[in-house]
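# Fold and contact review
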Amino acid sequence: MRVQERSIDGRVLGRIVIAGVVALVLLPVVPLVMHSFAGRWLYPDLLPAWWGSRAWRYIFAPRSMVLEAVGTSLVLGLSTTFLCVLLGVPAGRGLAVLPKRLRGSFEFLFFAPIVIPSLAVALGLHVAFVRWGLADTLVGVLISHLLPTLPYMVLVMASTFANSQNELEYQARTLGAGPVRAFLLVGVRAAVPGILTGGLFVFLISWSQYALTLLVGGGRVVTLPLLLFSFAASGDLAI
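What you see is a predicted model; the values in this text were computed from it and never measured.

Counting its secondary structure elements, the protein chain contains twelve helices and two strands. The N-to-C order of helical and strand elements in the protein chain reads α-α-β-β-α-α-α-α-α-α-α-α-α-α. For 239 residues, the compact-globule estimate of 2.2 N^0.38 gives 18 Å, and the C-alpha radius of gyration of the protein chain, at 24 Å, exceeds that figure by more than 25%. If you line up the protein chain on its principal axes, its C-alpha atoms span 75 × 70 × 35 Å. Looking at the 239 residues of the protein chain, the share that counts as buried comes to 30%. Taken as two groups, the 17 positive and 9 negative side-chain charges of the protein chain have centres that lie 6 Å from each other.

Moving on to the layout of surface pockets. Volume-wise, the largest pocket comes out at about 590 Å³. Along the walls of the largest pocket sit 21 residues, with Ile59, Leu228, Leu237, Ala238 and Ile239 positioned nearest its centre. Secondary structure elements with two or more residues in the lining of the largest pocket: α2 (29-36), α3 (54-59), α4 (65-96) and α12 (224-234). In the lining of the largest pocket, the residues fall into 17 nonpolar, three polar and one charged. Approximately 150 Å³ is the volume found for the second largest pocket. Residue contributions to the lining of the second largest pocket peak at three residues, all from helix α7 (residues 138-163).

The relative placement of two packed helices comes down to the angle between their axes together with the axis-to-axis distance. Running from amino to carboxyl end, helix α6 (residues 118-132) crosses α7 at an angle of 145 degrees, the nearest separation of the two axes being 11 Å. Pair α6 / α7 crosses with right-handed handedness. Seen from α6, the contacting residues are Val121, Leu125 and Phe129; seen from α7, they are Gly140, Ile143, Ser144 and Leu147.

A few words now on the packing of aromatic side chains. Applying the stated criterion to the full structure yields six aromatic pairs. Geometrically, the ring pair formed by Tyr58 and Phe231 is edge-to-face, given 6.0 Å between the ring centres and 85 degrees between the ring planes. Here Tyr58 is found in helix α3, whereas its partner Phe231 is found in helix α12, with 173 residues between them in sequence. Among the residues examined, Tyr58 registers a relative accessible area of 35% and is labelled partly exposed. Put simply, the rings of Phe37, Trp56 and Phe60 pair up and form one aromatic cluster. The ring of Phe161 is capped by Arg93, whose NZ or CZ atom sits 5.7 Å from the centre of that ring.

Despite not being glycine, Asp136 shows a phi value in the positive range, around 65 degrees. What makes Asp136 partly exposed here is its relative accessible area of 28%.

Here the focus is the side chain of His145. Residue placement: His145 occurs in helix α7. Under the relative-accessibility criterion, His145 is labelled buried at 1%. When near neighbours in sequence (up to four residues on either side) are disregarded, His145 contacts Leu76, Thr80, Ser206, Gln209 and Thr213.

Confidence in the prediction of the protein chain, expressed as mean pLDDT, is 85, and 94% of residues score 70 or more. Of all secondary-structure elements in the protein chain, the lowest mean pLDDT belongs to helix α8 (residues 167-174), at 71, while helix α10 (residues 192-207) reaches the highest, 93.

Calculation notes
Residues numbered from 1 in each chain as written. Predicted model: local features only at pLDDT ≥ 70, side-chain atom pairs only at ≥ 80, totals over all residues. Heavy atoms only, no water. Helix = DSSP H or I, 4+ residues; strand = E, 2+ residues; numbered from the N terminus. Rg over C-alpha atoms; globule rule 2.2 N^0.38 Å. Buried < 20%, exposed > 50% of the residue type's maximum accessible area, 1.4 Å probe, protein only. Lys, Arg positive; Asp, Glu negative; His and termini not counted. Charge placed at Lys NZ, Arg CZ, Asp CG, Glu CD. 1 Å grid on protein atoms, 1.4 Å probe; cavity = no way out; pocket = protein on both sides within 12 Å on 5 of 7 lines; lining within 4 Å. Points joined across faces, edges and corners; volume = space filled by probe spheres on them. Nonpolar A, V, L, I, M, F, W, Y, C, P; charged D, E, K, R; others polar. Axes fitted to C-alpha atoms, helices over the stretch in contact; angles between N-to-C directions. Left-handed = near helix turned anticlockwise from the far one by under 90°. Contact = heavy atoms within 4.5 Å. Phe/Tyr/Trp six-rings, centres within 6.5 Å; stacked < 30°, edge-to-face > 60°. Lys NZ or Arg CZ within 6 Å of the ring centre and 35° of its normal. pLDDT = per-residue confidence, 0-100.

Listed below in structure tokens is the structure:
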């Protein structure tokens, strides 16, 4: 009975902790939702003076820039995620099987674009893309988003393959499958949780890029973060 009571108490405590964490995560969203319906909200008023739906009507207008920016952000985020999965999965596998001495050197090379400040990277990319005709284009912005996202994908996949058991892949090779086929049909399937985790990180990083998109896109490729900063700078917190 005591063991059962302790297990029940542990479950209740765990649920309370989870509920507290969820509340802390969602709590900052409450003022944002209130601001979106606030017609006028001045300090030190605890609540808005009056409510309205002006911001929501502006967002969902037929020719709203916000909806267009959301579509551009989705295209960039999904395309960046696809390319990072396509390049990061085999790169992570190769990094996982390297000796420890070589692995450290290659990890430093992979993470070099993250160590350098993003503003310096964006300025250098913009100069190169102007010469190559990729400046102010969606393709140029997509390539620039690979720099801060691909290293994370490679790191996640390297950790996934390093911690996974490769016996099934070895068995597939002993049964006649080639190395590429065994990797695609067995190794990649076993690494699906890592691919989903890395893909989520990549999408979120690409979705929130501001400096790279602004400098490489030249203001012609408008994403949601660009509109967010412009509305915040203008003081229109409702939108």
